[in-house]
Amino acid sequence: MSDSSQPQPGPEKATGSDGTGAAAGTLVLCDARLADGRVVDVRLSGGRIEAVGTAGSLAPHGSRVDLGGYLLLPAPAEPHAHCDTALTADAPGPVAGTLEDVQRRTTEAALLQLGHGATALRTHVRIGDVQGLRSLEAVLQAGRSLRGLAELTAVAVPRILTGVAGADGLAMLRDALKMGATVVGGCPDLDPDPAGYAETVLELANEHGCAVDLHTDGDDPARLARFAAMAGGLRPGVALGPCAGLSALPPEVAARTAEQLAAAGVTVVCLPQGGCAALERQGGGLPGHGRTAGGRGPRSAPVRLLRAVGVRVAAGSGALRDAANPVGRGDPLEAAYLLASLGEAGPEAAYGAVSTAARATLGLPEVRVEAGFPAELLAVRGESLAGVLSLAYSRIVVHRGRVVARTSAVREYCDSAAVVALELPRQSQR
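Residues numbered from 1 in each chain as written. Predicted model: local features only at pLDDT ≥ 70, side-chain atom pairs only at ≥ 80, totals over all residues. Heavy atoms only, no water.

Chemist: Provide a residue-level description of the confidence of the model for the chain, including the pertinent values.
Modeler: Averaged over the chain, the pLDDT score is 88; the fraction of residues at 70 or greater is 88%. Under a pLDDT of 50 for its full length, residues 1-24 has, in the predicted model, 58 contacts with residues more than four places off or in other chains. Ignoring residues within four places in sequence, the model shows residues 281-296, a span with pLDDT below 50, making 28 contacts including any to other chains. (pLDDT = per-residue confidence, 0-100. Contact = heavy atoms within 4.5 Å.)

This is the structure:
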């Protein structure tokens, strides 16, 4: 069983060696199973992993959390969120766009994703139109309020950047970077001059020394080739997503395009759980979500192909219960599960897409369960990586060395001979 009626460890279960609670910011995670099968104690201090030893070898000097029955992993990160529009699918009328409304939605969405395990999030925020910079201001305020719980960074997404109409968008994009947006984004596919849009974004990012994260369906190989040629060598990094259209290209064309992206060092952020509204085109639909001959488009980018030629592939959640995906969960482990279940990656590579690759996309340091690495961790009830991707219910999230979120799931069965024989948790035991 992945979950049981046993008490689940969490923030309130942490106790000091003298029973009085946390001491000196030190926390020992006891009896945690690692992905390689070892069962260890892990001591955290100062926001980092201080020591890893065999189970029972690290005497707790401060707080302790019993992780018996849990698998301990590097925490996932969310490389492609839309927190400002999240949780709006059930709105009875026009979505409220006041600063307070956007900040509330952003905060709630970020906390939901933190509960799933994502201790760092990159959210795309549309600027311009009637909203101006209001949504960005709200997202930045939400990010400040979440400090200590999760890291939230904003991508500024203008609609048009070329021609006469693009002058206002470019000016607003510069203002957005001054306000605190740390990544330049956008949707070249929606601009009358996609190549000019991409060139403008890359030039501005180079000028400000910031990363680039663009939306594209990826169904135009010539356009991707031009972009790869322009983006090569840009630091601190360039990402494209969701690129589901690559899956609809002839295999040899998709492979050649993937090789060009790999040579340019471009990261692809796929969205296995669905798309996002940022690519919505006037008059209909979301690219990558319809229309092949059978009426259905590819679900996600061709991850196996991309990884085979050396493209770094991260997996994000995309829409979280908004118009683009009214049932979006914002769960990194579900994204990994889908990659594995669809045959795009094995369990280890699938989890790496939402953890190691996602953190690298965000410019964050690598996390390993080893001494000296950042204490950004996720404990999931289960014994193997494949098992927790299948039944990832109970979770404990560690950010900067302290437990910041806990989800407990209890499954019980009514009395029967089978339940008794298998020693499963029974309702009658309560």
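So, next bit.
Chemist: Residues and numbers for the sheet that holds strand β14 (residues 313-315), please.
Modeler: If you trace the 8 strands from one edge of the open sheet to the other, you get β7-β8-β9-β10-β11-β12-β13-β14, paired in parallel fashion. Of all the strands in the sheet, just β7 (78-81) and β14 have a single pairing partner and so form its edges. The sheet shows a mean angle of 25° between the axes of neighbouring strands, direction not considered. Bridge count for strand β11 (residues 211-216) against strand β12 (residues 238-242) is 5 bridges, and the pairing is parallel. Counterpart to V212 in the pairing with β12 is V238. Strands β9 (151-158), β10 (183-186), β11 and β12 of the sheet are contacted by helix α4 (residues 194-208), whose axis makes an angle of about 160° with β11. (Pairing = 2+ DSSP bridges. Helix = DSSP H or I, 4+ residues; strand = E, 2+ residues; numbered from the N terminus. Axes fitted to C-alpha atoms, helices over the stretch in contact; angles between N-to-C directions.)

Chemist: Give me the pairing of strand β15 (residues 377-381): which residues, what numbers.
Modeler: Taken across its 5 residues, β15 has 5 buried, putting it largely inside the fold. Going residue by residue along β15, you find L377, A379 and R381 tucked away on one face and L378 and V380 tucked away on the opposite face as well. The pairing of strand β6 (residues 70-74) with β15 spans 5 bridges and is classified as antiparallel. Across the sheet, L71 pairs through a bridge with V380, a residue of β15. As paired elements, β15 and strand β16 (residues 395-399) share 4 bridges and run antiparallel to each other. Along β16, the bridge assignment pairs V380 with R395. (Buried < 20%, exposed > 50% of the residue type's maximum accessible area, 1.4 Å probe, protein only.)

Chemist: Can you explain the pattern of salt bridges? Please cite residues and give values.
Modeler: Summed over the entire model, instances satisfying the criterion amount to 12 salt bridges. With a shortest N-O distance of 3.7 Å, R223 and D220 are connected by a salt bridge. (Salt bridge = Lys/Arg side-chain N within 4 Å of Asp/Glu carboxyl O.)

Chemist: Give me helix α3 (residues 163-179): which residues, what numbers.
Modeler: Over its 17 residues, α3 runs 25 Å from end to end, which matches the ideal 24 Å to within 8%, given 1.5 Å per residue. Buried residues of α3: G166, G169, L173, A176 and L177, and no others. Projected down its long axis, α3 carries its buried residues within an arc of 90°, all on one side. Exposed positions of α3 whose direction lies more than 90 degrees from the buried face are V164, D168 and K178. The inward-facing, buried residues of α3 abut β8 (120-127), α2 (134-145), β9, β10 and α4. G180, located one to two residues past α3, shows a positive phi value of around 140°. (Expected span 1.5 Å × (residues − 1). Arc of directions from axis to C-beta.)

Chemist: Help me get a handle on the layout of surface pockets, residues and values and all.
Modeler: By volume, the largest pocket amounts to about 680 Å³. Taken together, 26 residues form the lining of the largest pocket, with D84, T85, V95, R126 and A277 sitting closest to its centre. Residue assignment for the lining of the largest pocket shows that the elements contributing at least two residues are α1 (99-116) and β8. Its residues assigned to classes, the lining of the largest pocket shows 12 nonpolar, 8 polar and 6 charged. In this structure, the second largest pocket encloses a volume near 340 Å³. Every residue lining the second largest pocket is counted, 18 residues in all, and those nearest its centre are A35, P74, V367, R368 and V369. Those elements that place two or more of their residues in the lining of the second largest pocket are β6 and α9 (347-354). Looking at side-chain class alone, the lining of the second largest pocket contains 9 nonpolar, 3 polar and 6 charged residues. (1 Å grid on protein atoms, 1.4 Å probe; cavity = no way out; pocket = protein on both sides within 12 Å on 5 of 7 lines; lining within 4 Å. Points joined across faces, edges and corners; volume = space filled by probe spheres on them. Nonpolar A, V, L, I, M, F, W, Y, C, P; charged D, E, K, R; others polar.)

Chemist: Help me get a handle on empty space enclosed by the protein, residues and values and all.
Modeler: Per the counting criterion, the structure on display carries 5 cavities of 30 Å³ or more. Of the voids in this model, the largest cavity is the one considered here, and its volume is about 150 Å³. If you go around the largest cavity, you meet 17 residues; those closest to its centre are P188, D189, T216, R223 and L224. When contributions to the lining of the largest cavity are tallied by element, the ones reaching two or more residues are α4, β11 and α5 (221-231). Sort the elements by how many residues they give to the lining of the largest cavity and α5 lands first, with 5 residues. Residue classes in the lining of the largest cavity are distributed as 9 nonpolar, 3 polar and 5 charged.

Chemist: Before we move on, could you go through the environment of G328 and cite the residues and values that matter?
Modeler: With respect to the helices, strands and loops of the structure, G328 is situated in the loop between β14 and α8 (332-341). As for G328 and G274, which are separated by 54 residues in sequence, their C-alpha atoms are 7.5 Å apart. Beyond its immediate sequence surroundings of up to four residues, G328 is in contact with A319, L320 and R321.

Chemist: Please provide a residue-by-residue account of unusual backbone geometry, values included.
Modeler: Here the bond from G241 into P242 is cis, since omega is 0°, no more than 30 degrees from zero. Within the secondary structure layout, P242 lies in strand β12. One non-glycine residue, D129, lies in the positive phi region at around 55°. Along the chain, the position of D129 falls in the loop between β8 and α2. Of note in this structure, C243 is not a glycine but carries a positive phi near 60°. Inspection of the secondary structure puts C243 in the loop between β12 and α6 (251-264). Accessibility expressed as a relative area gives 0% for C243, which makes it buried.

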